[in-house]
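Working through the structure, step by step
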Amino acid sequence: SSRFTMEEIPLNQIFQKAVVLQRMGDRSGALVEYQQFLKVAESHDVDPSLYAEVNANMGAIYAISGKGTGNNNNEQQQKSNRIKAKES
């Protein structure tokens, strides 16, 4: 399969929308957009190092959302996102 750059698919618009939602405090909306970003990026074989910030931002949202809840699923997702961000 051929590789695409981020400019060739609408990933930048998805990312910008997610960042705006995150900054506005709409964490669930931002997560939806980041997850859409990952789905599109992976389906187009985009190099993961180009979107390490997406994984880092998702990890930050999970960290904030999971504070004090003892929600193991969020902790696992947060850990996974931190690892992905470091690997990129």
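Each value, and the rule that gives it
Residues numbered from 1 in each chain as written. Predicted model: local features only at pLDDT ≥ 70, side-chain atom pairs only at ≥ 80, totals over all residues. Heavy atoms only, no water. Helix = DSSP H or I, 4+ residues; strand = E, 2+ residues; numbered from the N terminus. Buried < 20%, exposed > 50% of the residue type's maximum accessible area, 1.4 Å probe, protein only. Contact = heavy atoms within 4.5 Å. Areas by Shrake-Rupley, 256 points an atom, 1.4 Å probe, with all protein chains shown as cover. Phe/Tyr/Trp six-rings, centres within 6.5 Å; stacked < 30°, edge-to-face > 60°.

1. What about the overall build of the chain?
Along the backbone of the chain there are 4 helices and 0 strands. Secondary structure elements of the chain occur, N-terminal to C-terminal, as α-α-α-α. In the chain, buried positions account for 35% of the 88 residues. Looking at the chain alone, contacts between residues at least 24 apart form 55% of all its contacts between residues at least 6 apart. Accessible surface for the chain amounts to roughly 5,600 Å². Of this, 49% is attributable to carbon and sulfur atoms.

2. Things to note about unusual backbone geometry
Of note in this structure, Asp 45 is not a glycine but carries a positive phi near 55 degrees. Along the chain, Asp 45 falls in the loop between helix H2 (27-43) and helix H3 (52-66).

3. Some remarks on the packing of aromatic side chains
Under the defined criterion, the tally for this structure stands at 3 aromatic pairs. Ring geometry for Phe 15 versus Tyr 34: centroids 6.3 Å apart, planes at 50 degrees, classification tilted. On the criterion of sequence distance, the pair formed by Phe 15 in helix H1 (residues 11-24) and Tyr 34 in helix H2 is long-range, its members being 19 residues apart. Accessibility classification places Phe 15 together with Tyr 34 in one group, the buried group. Pairing Phe 37 with Tyr 51 gives two aromatic rings, centres 5.7 Å apart and planes at 70 degrees, and the pair type is edge-to-face. Highlighted residues: Phe 37 in helix H2 and Tyr 51 in the loop between H2 and H3, separated in sequence by 14 residues. Residue classification places Tyr 51 among the buried residues on the basis of a relative accessible area of 5%. Among the aromatic residues, those joined into a cluster by ring pairs are Phe 15, Tyr 34, Phe 37 and Tyr 51.

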